[in-house]
Amino acid sequence: MMQPSAQNPRAIRAYEKVGFVQVPSTPEQIRAEWGAVDSEDSVLMLLKVPMK
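Residues numbered from 1 in each chain as written. Predicted model: local features only at pLDDT ≥ 70, side-chain atom pairs only at ≥ 80, totals over all residues. Heavy atoms only, no water.

Asks: Explanation requested: the packing of aromatic side chains in the structure shown.
Replies: A full pass over the atoms with the stated rule returns one aromatic pair. Note on Tyr-15 and Phe-20: the rings are 5.5 Å apart at their centroids and 65° apart in plane angle, and the pair reads as edge-to-face. Residue Tyr-15 is classed as partly exposed on the basis of its relative accessible area of 26%. With a relative accessible area of 12%, Phe-20 lands in the buried category. (Phe/Tyr/Trp six-rings, centres within 6.5 Å; stacked < 30°, edge-to-face > 60°. Buried < 20%, exposed > 50% of the residue type's maximum accessible area, 1.4 Å probe, protein only.)

Here it is, written out as structure tokens:
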């Protein structure tokens, strides 16, 4: 799980290149599932792992 800032599109693209996908969520949803957010404009990204 990564939480890059929405103001950092280069970081978001870099994470996407290695398999992370953006998950639509609000800071409140992130806090409920994962705890504290890194910033109020955090973009929740999860690593997509292929199932075998």
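Asks: Can you walk me through the environment of Arg-10 in this structure?
Replies: Along the chain, the position of Arg-10 falls in helix α1 (residues 9-17). Of the residues examined, Arg-10 reaches a relative accessible area of 65% and is grouped as exposed. Arg-10 sits 16 residues away from Thr-26 along the chain, and the two C-alpha atoms are 21 Å apart. (Helix = DSSP H or I, 4+ residues; strand = E, 2+ residues; numbered from the N terminus.)

Asks: Looking at this structure, how should I read the side chain of Gln-3?
Replies: Relative to the elements of secondary structure, Gln-3 occurs in the segment before α1. Given a relative accessible area of 9%, Gln-3 falls into the buried group. A distance of 3.5 Å separates polar atoms of two side chains, one belonging to Gln-3 and the other to Ser-42. With residues near it in sequence (within four places) discarded, Gln-3 still touches Ile-30, Ala-36, Val-37, Asp-38, Ser-42 and Val-43. (Polar contact = N/O pair within 3.5 Å; in protein donor to acceptor, adjacent residues only side chain to side chain. Contact = heavy atoms within 4.5 Å.)

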